[in-house]
Every structure is written in structure tokens, then in C-alpha cells.
Amino acid sequence: RRSWGLCALGEPASNCSQPSLAETIPPENIWEIRTIPSVRAWHTLADLQGVVSRAEAGGGGWVPIVLHHFCDGCDPEGYSISPSVFSAFLDWLEPRSSTGTYVRTMHDVISDTTAPDSSIACNGSPCSTTAYTTPVSVSLLATDGGSGVDAIRYTSDGSDPTASSPLYTGPFTVSTTTTVKYRAWDVAGNVEATKSQLIQVDTVAPTVAVTSPLNGATVNGNIRIVASPADSNSGIASVAFYVDFTRLGTTTSAPWQIPWNTKKTNSGQHVLSAVATDRAGNTQASPSVTVTVR
């Protein structure tokens, strides 16, 4: 093989002897993969960085870099690179994976038939199966051990993501209950199956009222305090009952009622109320009901 076909080290993109800054994936000709001309002893760290930076700025692609000897001045024809320069180049490359530039072997690129793998997070953690009480910051992440991740696309309208769906570029906010669908593409063109995440957001408190006994009623003996809670979002989780603002007890399922032995209560007027909590954690107190115990 030869090292040829792409713009050489040290040449600006605007004045290259070869028109291409990067090879395509898959390559135009698998038997004649274009590369950067061989790295020589006089090439600097800036030259190596420039090969990558100009390809990034020019639309990306595959930049095969041909290296020969690893030493300081060991080859009389200069086909070598200093270990210190090579190490600095690797250190510079490593964090660039976060913006879509990856270091891969020839085999990784040519033989990549595996789709990338994406994941979703809500407020920086795994998404909850219960509702959130405030808007949620949603983030997506994808990994690919072959040619590298090219894009993550998502939808929030129930449709499956396509190549024309919104491109994920950073966290976005979900303010109402939404199903986010997402999938990743790699540079080689492999696409993973669509993934889906229901994100429930409930910022509205439930409603609740004490429906029995009625306001102004006279009661005695063993009775039941009955409440009527409602929540159209996440649903009712519990109702707590209060007599004179002291908790009598809590129920977590319908019918929403609790026994009250008025014989253990002083005669006279007493205030009844209830507090409903929905499954997202929003709470609401009922209007008070005043009854007379005899």
C-alpha cells in the first residue's frame, strides 16, 4: 500500500495539493483507501492537530494517519515520530470524543456492522417511573465501539425518529407528560432500534373535599369521615384525615374514608379536614367542615 490521497500535514485546507481532507465511510475504493501522507520526523504536534481540525471543520470523515518508526531520529530518511509528540497528540485527541471525533483502527471502520447504543437520563439520573413535580431536563447519550457515533435524533410527538427528526445537541426540557423516542446513527450508517421513555410531569395539585359528615352536622357514636379526592394527572396516592388539625389517620386507596369514634372526643364543635397527595407528591388541603359532637 501507499500513503497518499488526502491533504498533507502542514497544508491549510484552502491550499491543499489534494482536494480531499478526509476519506469517506465506507471508502470510495476499499482497495485504495486514501490516507494522510506519512508522518515524518520534522512534523510537529500542531501539524498533527491540524490534520484533524481541518477535517472537522470541513464536514468530517475518516482520516487515516500513517506512522512508521516511534523514536527520536532513528530513521535516516525521517520516517519516524517522536514518542513525546505522539503521546501529546493522543492526549489532545482523547477529549475530542465528546464532540464526535474518535480514534479507531482500520478494522473498526471497515468492519463496523454493529449499531450504536443510546441511553436517556432525566435531571442527570435514570428517568423515574413516577411523575415529576417540576419540568425535567432530558439528556441523551450514545456510544459506539466501531466507526463512532454520528448522530442521536429524537421525537416527542409519538413518531419514531428518522434521519430528518430533531438532532440532539444538548439537554432539553420536558414540561408536560411526554413520550420521548430516540435512536442513534453511527458513522458507518448503522442505526439502532428506536427506544422510548415515558416522562410524566405533574405540577398540578389534586382537589379534595370532606363529603361526610356535612358542614354543620351533629354527630355521635362511631361514624366515618369520607373524602372525595380527584387528580387528572398522576392520580391520588393518599388522603390524610384531621380532626381539629390533628391527624386521625391516612388511607391509601378508595374508598377514601376513615372511622371516627366521637365518644372519645369532647362534646361540642370540631373541625374536620383532609389533605390529598397525588403520586407526584403534590398536596392539597380540603375546606374545613365544622360538626357538633353530642
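Keep in mind that what you see is a predicted model, and the values were worked out from it rather than measured.

Undergrad: Can you help me understand unusual backbone geometry in this one?
TA: Negative phi is the rule for most residues except glycine; trans is the rule for most peptide bonds. That bond from Ser-212 to Pro-213 is cis: its omega, 0°, falls within 30 degrees of zero. Along the chain, Pro-213 turns up in the loop between strand S9 (210–212) and strand S10 (218–219). Its identity is not glycine, yet Asp-244 carries a phi of approximately 55°, on the positive side. Considering the arrangement of structural elements, one finds Asp-244 in the loop between strand S12 (236–243) and strand S13 (246–251).

Undergrad: So what exactly am I meant to see when it comes to the pattern of salt bridges here?
TA: Pairing between side chains of opposite charge can happen when the charged atoms of each approach one another. One pass over the full model with this rule turns up six salt bridges. We note a salt bridge from Lys-195 to Asp-117, for which the minimum N-O separation is 2.7 Å. Within this pair, whereas Lys-195 is found in strand S8 (residues 195–199), its partner Asp-117 is found in strand S3 (residues 117–122), the two being separated by 78 residues in sequence. Judged by relative accessible area, which is 44%, Asp-117 ranks as partly exposed. Here Glu-192 makes a salt bridge to Lys-195, at a shortest N to O gap of 3.6 Å.

Undergrad: Explain the packing of aromatic side chains here, please?
TA: A ring pair, where both rings are aromatic, is described by two values, the distance of the centres and the angle of the planes. If you walk through the whole model with that rule in mind, you get four aromatic pairs. Ring plane angle 15° and centroid distance 6.1 Å describe the contact between Phe-89 and Trp-92, whose orientation is recorded as stacked. Residue Phe-89 and its partner Trp-92 are located together in helix H2 (residues 83–93), separated by three residues, close to a single helical turn. Sitting over the ring of Tyr-79, Arg-40 keeps its end group 3.7 Å from the ring centre.

Undergrad: Please explain helix H1 (residues 45–57) as it appears in this structure.
TA: Residues spaced three or four apart along an α-helix point in a common direction, a consequence of the helix completing one turn every 3.6 residues. Taking 1.5 Å per residue, 13 residues should reach 18 Å; H1 reaches 18 Å between its end C-alpha atoms and fits that length. The complete set of buried residues in H1 reads Asp-47, Leu-48, Gln-49, Val-51, Val-52, Arg-54 and Ala-55. As for H1, its buried residues are in contact with strand S2 (80–81) and H2. In the segment just after H1, Gly-59 is the residue with positive phi, at about 110°.

Undergrad: What is the right way to read the side chain of Ser-20 from this model?
TA: Among the structural elements, Ser-20 can be located in the segment before H1. Residue classification places Ser-20 among the buried positions, given a relative accessible area of 19%. Look past the residues within four positions of Ser-20 in its chain and what remains in contact with it is Gly-5, Leu-6, Cys-7 and Arg-34.

Undergrad: Explain the pairing of S13 here, please?
TA: On a regular strand, each side chain points to the face opposite its neighbour's, so the side chains alternate between the two faces of the sheet. Sheet topology note: the S12/S13 ladder contains five bridges and is antiparallel. Directly across from Val-239, in S13, lies its bridge partner Thr-251. Where S12 hands over to S13, the hairpin turn is made up of two residues, of which Asp-244 adopts a positive phi near 55°.

Cut-offs and rules
Residues numbered from 1 in each chain as written. Predicted model: local features only at pLDDT ≥ 70, side-chain atom pairs only at ≥ 80, totals over all residues. Heavy atoms only, no water. Helix = DSSP H or I, 4+ residues; strand = E, 2+ residues; numbered from the N terminus. Salt bridge = Lys/Arg side-chain N within 4 Å of Asp/Glu carboxyl O. Buried < 20%, exposed > 50% of the residue type's maximum accessible area, 1.4 Å probe, protein only. Phe/Tyr/Trp six-rings, centres within 6.5 Å; stacked < 30°, edge-to-face > 60°. Lys NZ or Arg CZ within 6 Å of the ring centre and 35° of its normal. Expected span 1.5 Å × (residues − 1). Contact = heavy atoms within 4.5 Å. Pairing = 2+ DSSP bridges.

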